[in-house]
Structure formats: structure tokens, C-alpha cells
Amino acid sequence: MDTTRLWRILLLVVAGFSALSAIGGGVGLMTPGSLGMPAWWVEDSGFTYLGAGLVLLIVVGGTQTLAFVLLLLRRPYAALANAVAGFGMVLWIYIEVVLLPVYSVLHTIYIGTGIAQLALAFACLGVLRRDAGLPVD
């Protein structure tokens, strides 16, 4: 199996996992008490669970789903869409860690998936090839 195909398959797995997680998490946040998180976690964040759930569902989940579908359909901008979705995941988790008074191992998992998605998208774009840089001469 050539490496480009491997990167694409791994990227499909990461994007699919991230899309399902963001959609499920968004719905869960909008359903009071379903995730077992107390209201005081978001009191000083400027968000409500409904607002955060909508952002997670529509922005993060929508971007991840679009990136997954474009990759599945082998569209020309699929790798770029996955880079945007990966960056969005990293940004979402970073903001969550900054705003919430608690830390969860899920933060580590999802920032890891965002970074993996970025790296795999770059690999699919050929950015990580040894010969991709400028000549040093």
C-alpha cells in the first residue's frame, strides 16, 4: 500500500471519529444533565450549555463532517478541508481548556485528534515529504 493511500485512510478514520464525537457532544451539551456536567462549569465562561452545544454541533461537527465527506468522495479540496477541521478542533479544545475550571482526559484525546488530523492532511497534501522543502543550495 502506498503512503498516500495510508494517509487518506487514517485521515478518514480520524475525521469520521471527530465528526461523530462533535455531533454527539453538541447534542449532549444541549440536553441538560445528559453528560453529567454541573452548571457551575460554564457560569464564568460566557457560554451556556445550549450555546456551546450549538457551536460544537454546527461549527466543529459541521466542519468535521464536511471534511470527512469531501475526503470520502475524493474531492480536490478534501485535504485542505481536513486541515481546517483539524485546526478547528485544536482551537475548540484550547478555548475549552482556557474557559472551563476543570480538565478532562478527553481534552488530551481531542486535541490529539485535531493535531493528528492536521498532520495527516499535510501528509496528503505532500507537505511532509522529504523533498517538499525549498532547496538549501
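Residues numbered from 1 in each chain as written. Predicted model: local features only at pLDDT ≥ 70, side-chain atom pairs only at ≥ 80, totals over all residues. Heavy atoms only, no water.

**Looking at the side chain of Thr 113**
Inspection of the secondary structure assignment puts Thr 113 in helix H4 (residues 105-125). According to the relative accessible area criterion, Thr 113 is buried, its value standing at 12%. Ignoring sequence-local partners within four residues, the contact set of Thr 113 consists of Val 14, Phe 17, Ser 18 and Met 89. (Helix = DSSP H or I, 4+ residues; strand = E, 2+ residues; numbered from the N terminus. Buried < 20%, exposed > 50% of the residue type's maximum accessible area, 1.4 Å probe, protein only. Contact = heavy atoms within 4.5 Å.)

**Let's talk about the nonpolar core**
Core analysis: the biggest nonpolar cluster contains 12 residues, these being Ala 22, Leu 29, Val 42, Tyr 49, Ala 52, Leu 56, Val 60, Met 89, Trp 92, Ile 93, Leu 100 and Tyr 110. Secondary structure elements with two or more residues in this core: helix H1 (3-30), helix H2 (49-72) and helix H3 (78-99). Here this core gets four residues from one element, more than from any other, and that element is H2. The contact partners of Ala 22, leaving out residues within four places of it in the chain, are Leu 56, Leu 57, Val 60 and Gly 61. Judged by nonpolar contacts, the second largest core, of 10 residues, contains Val 14, Leu 71, Ala 78 and Ala 121. (Core = buried A, V, L, I, M, F, W, Y, C linked by side-chain atoms within 4.5 Å.)

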